[in-house]
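A structural walkthrough
Here are the chains, one letter per residue:
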Amino acid sequence: MKPISDLPTGFRLIELDSVASTNDEARTLAEQGAADGTVVLAHTQTAGRARRGRQWVSEAGNLFFSLILRPECPASDATQLGFAAAVAVAETAARHLPEDVDVLCKWPNDVLVGGRKVSGMLLEAGPTGKDDNLEWLILGIGINIVSHPDETPFPATSLAGEGGSSVPPVELLALFCRRFAHWRAVWRGEGFAPLRHAWLSRAAGLGEQIEVRLETTTLSGTFEELDGHGALVLLQENGRHVKITAGDVFLPSAGS
Ligand code: BTN
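Everything quoted here is computed from the prediction, not taken from an experiment.

**A look at the packing of helix α4 (residues 169-190) against helix α5 (residues 193-200)**
Across the interface, α4 lies against α5 with an axial gap of 7 Å and an inter-helix angle of 135 degrees. With respect to their mutual orientation, α4 and α5 come out oblique. Two secondary-structure elements touch here, α4 through Trp183, Val186, Trp187 and Glu190 and α5 through Pro194, Leu195 and Ala198. In terms of residue class, the contact of α4 with α5 is built from six nonpolar, no polar and one charged.

In structure tokens:
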């Protein structure tokens, strides 16, 4: 029998000891023509990158990887693959946690355990080519398995810190790939609707008062829904609905 850490069909693992950022390695490979499903995993990163130019603390024992996709769809649809990956991360984390622990998705692509962030994702897209399709999309994902940083904009945690098993990073990756392959196939066959439903069933702050920090301003209101393309719909106090496509969500209910 194959060890559980073998990646499923359609994925190819490149395992490195230490790199600046797996997203940078993946980008170089994508530009050189690496196939869809190529995964770059590193045991540590010296310059791990988070969204909005922030740093991703990358200590050994946690999982850091970047998955190269050739999405065969326009950029506007490809971001939906981020939701497929977020649901896959949530399912993967849940498998390694006690059953009664809540694993939620925080818009757009974070995963929370016990209200704190256990995983984040950095999506980076290449140029568009034939038929306006993206030439490549990189999903860079970090999952805190054994440790987490203390000083973060949103409180962080790790699987071990929430009573989970200290699983080897490559084993967690293999499970993620299985769940991601499942959701990508559903998305290809049936569109965004079932994926949207799966994401919403784990959504943090849905129907609650939230804050969304944009580039230069902060909006608050009720997190009403995720629209059919993945935008967050916020109902403001003045009754206006605002669709948000990029920002950081803060949940007053989680004490963040
Ligand atoms: C975020 O939460 O803002 C996104 C964090 C993404 C971190 C991962 S770790 C693997 C990959 N390589 C990077 O440099 N960043 C992503």
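Having seen the model, we can carry on.
**Description of the environment of glycine 205**
For glycine 205, the position within the fold is in the loop between α5 and β8 (209-213). Apart from residues no more than four positions distant in its own chain, glycine 205 is found in contact with Ile210, Phe223 and Leu251.

**A few points about the layout of surface pockets**
Reported here for the largest pocket is a volume of approximately 510 Å³. Lining the largest pocket are 33 residues, and of these Ala50, Arg51, Gln55, Trp56 and Lys117 lie nearest its centre. Elements supplying a minimum of two residues to the lining of the largest pocket: α1 (22-31), β3 (63-69), β6 (116-125), β7 (137-143) and β12 (248-250). Element by element, the count of residues in the lining of the largest pocket is highest for β6, at four residues. Each residue belonging to the lining of the largest pocket can be placed in one class, and the counts come to 14 nonpolar, 11 polar and eight charged. Around the second largest pocket sit 18 residues that line it, and Thr79, Pro108, Asn109, Thr245 and Ala246 are the ones nearest its centre. Looking at which element gives the most residues to the lining of the second largest pocket, the answer is β6, with three residues. A class-by-class count of the residues in the lining of the second largest pocket yields eight nonpolar, seven polar and three charged.

**A short note on the site of the ligand**
Taken together, 19 residues are adjacent to the ligand, and Ser21, Gln45, Arg49, Arg51 and Lys117 come closest. Within the backbone of arginine 51, an N or O atom sits 2.7 Å from an oxygen atom of the ligand. Protein burial of the ligand: of its 420 Å² of free accessible surface, 99% is covered by the chains. Taken atom by atom, the bulk of the ligand overlaps the largest pocket. Those elements that provide at least two residues to the shell around the ligand are α1, β3, β6 and β7. Looking at which element gives the most residues to the shell around the ligand, the answer is β6, with four residues. Along the lines of polarity and charge, the residues of the shell around the ligand split into six nonpolar, nine polar and four charged.

Rules of the game
- Residues numbered from 1 in each chain as written.
- Predicted model: local features only at pLDDT ≥ 70, side-chain atom pairs only at ≥ 80, totals over all residues.
- Heavy atoms only, no water.
- Axes fitted to C-alpha atoms, helices over the stretch in contact; angles between N-to-C directions.
- Helix = DSSP H or I, 4+ residues; strand = E, 2+ residues; numbered from the N terminus.
- Parallel < 35°, antiparallel > 145°, perpendicular 65-115°, else oblique.
- Contact = heavy atoms within 4.5 Å.
- Nonpolar A, V, L, I, M, F, W, Y, C, P; charged D, E, K, R; others polar.
- 1 Å grid on protein atoms, 1.4 Å probe; cavity = no way out; pocket = protein on both sides within 12 Å on 5 of 7 lines; lining within 4 Å.
- Points joined across faces, edges and corners; volume = space filled by probe spheres on them.
- Near = heavy atom within 4 Å.
- Polar contact = N/O pair within 3.5 Å; in protein donor to acceptor, adjacent residues only side chain to side chain.
- Areas by Shrake-Rupley, 256 points an atom, 1.4 Å probe, with all protein chains shown as cover.
- Sits in = over half its atoms within 2 Å of the grid points.

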